[in-house]
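Listed below, chain by chain, are the residues.
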Amino acid sequence: MVVGILIVLSLALLSVYFRESSDGPLHGAQDVGATAVRPFQVGAERVARPFRDLYGWFDGLLTAKGENEKLREENSRLTLEAIRNQTAAQENLDLKQLLDYQDLPGLEDYRSVNTRVLGPQSPFGKRLLITAGSNDGIRLNAPVLAAGALVGEITELSPETAVVTLLTDESSAVAAYSIRTGALGLIQSGEGGSLSFANVTKDKDVSRGDLIATAGSSVPRLPSFFPRGIPIGIVTSTSQVDTEPFKQIQLVSNVDLSNLRAVTVLVR
Amino acid sequence: MTLDVLKTFVLVFAAVVLQSAIVSSIQIAGGTPDLLLVTLVAVSLLRGAIWGAAVGFTAGLLFDIANLGRLGETSLLLTVAGYWIGRYGETTGRDRTHAPLLSVAIVTILYSAGALALHIVLGDPVDAGTILVRALIPSVVLNLALAFPVYALVRRVLGRAEWSPHEVRLLG
């Protein structure tokens, strides 16, 4: 009897929660509860952090030697690239001022909220719980970055915590473009937790090594939640078949999405 | 009775906090330990089916609140899990030293399958291959590693089961 009541109660909760809007009474009660539990979670996370760091240190040592060599080469290449980019960026700025160019909102129009990742919300889906919420100015669908690259967006919100849905979650889709050629497409989750650059027609030029960034939106009535130009990842492979209208493009994120400790949420 | 309720609530609350803040981010060989489930197994084995169901419901509700999950989702799964383990503890599993290990192993598998089914019913995109093939065995092993220490701790806090040999001797 008791078990039956509890099961019916669970189903009723689930049903009402599923149907009500995000400002409904159950969501409100959950926000209050989450706010009350949050200090305990943060405390526990702080206690565990030295142990986690120690594990990370040993783990890092094992892979450091091989990575060191690779990073030295990459560093030399990136130094040259950075110089070229700085020159191009300055020229770009000068030209925009000369032309009085009206651009889409960029990263400079947003404020950053840096926050800690508490952990995954559940083993299902790729969602993370973070220790900042609406009290910090975060809004639903706000873009979330790590190491300067887009990693996801805010999909659940309480005053003190929020849920980030990662790009690798199957429900995620972000409009993006190739910085080299301007080819537009959608970033979606790919096979085995990878990312794919979908809906790119065969006539567009996208090749291995291209940097993909958020496209933003140029339609004032349908503004994008993401500013234009946030790096997402680098194309690792492209292919096409006669029977498919679009290219098959795989890319790898600029950051390790399975091991995020801290993220930056962009707010306006 | 009231003291037992209080002790159980503290245990479950601690398990929820630890699971959401620390344990859920530990990933070994693709699996993640579930401290909350293992704690529920221990409480249910020691206190029976009704307690198991009630504790499962409370634990699930607390976890969904702390994790901003869908309210009722984890409660539903843990209520059924708590009741089932409690029944096993009251009947076949009583006095058996391997009961915590066996319960943890079976309930981890059933819980994963149940959670997967529930997510599919709710229309969530889920990767069944990863959950049932790649992550399940490491998760069972990790939960088994937690089983005896957690069971020992819970038994120390709550005391022996009401149907334990110790109390049977007293009655006799």
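Higher on the page you've got the structure.
All values derive from a computational prediction rather than experimental measurement.

Draft legend 1. Inspection of unusual backbone geometry at higher detail. All names here are of chain A. The backbone phi angle of asparagine 141 is positive, close to 70°, even though this residue is not glycine. Position of asparagine 141 relative to the elements: it lies in the loop between β2 (127-130) and β3 (143-146). A residue is classified by how many C-beta atoms lie within 10 Å of it, and asparagine 141, with 12 of them, is exposed.

Draft legend 2. Spotlight on the pairing of strand β11 (residues 248-253) of chain A. Residues and elements named next belong to chain A. Across the two faces of β11 the burial differs, with Ile249, Leu251 and Ser253 buried and Gln248, Gln250 and Val252 not buried at all. Note: strand β8 (residues 195-198) against β11, two bridges, orientation antiparallel. By the bridge assignment, serine 196 is partnered in β11 with glutamine 250. Relative to β11, strand β10 (residues 231-239) is paired through six bridges, and the arrangement is antiparallel. Note on β11: the bridge partner recorded for isoleucine 234 is valine 252.

Draft legend 3. How the structure looks around the nonpolar core. Val151 and Val263 of chain A together with Ala59 and Ala81 of chain B are the most contacted members of the largest nonpolar core, which has 100 residues in total. Here alanine 81 of chain B is in contact with Leu37, Leu40, Gly56, Val107 and Tyr111 of chain B, once residues within four sequence places are set aside.

Draft legend 4. Representation of the pairing of strand β7 (residues 184-189) of chain A. Residue and element names in this part refer to chain A. Pairing between strand β6 (residues 173-178) and β7: five bridges, direction antiparallel. What sits directly across from alanine 176, in β7, is glycine 185. Bridge count between β7 and β8: four bridges; the pairing is antiparallel. Bridged to serine 189 within β8 is leucine 195.

Parameters and conventions
Residues numbered from 1 in each chain as written. Chains lettered and ligands numbered in written order. Predicted model: local features only at pLDDT ≥ 70, side-chain atom pairs only at ≥ 80, totals over all residues. Helix = DSSP H or I, 4+ residues; strand = E, 2+ residues; numbered from the N terminus. Buried ≥ 20, exposed ≤ 12 C-beta atoms within 10 Å, placed from the backbone. Pairing = 2+ DSSP bridges. Core = buried A, V, L, I, M, F, W, Y, C linked by C-beta atoms within 7 Å. Contact = placed C-beta atoms within 7 Å.

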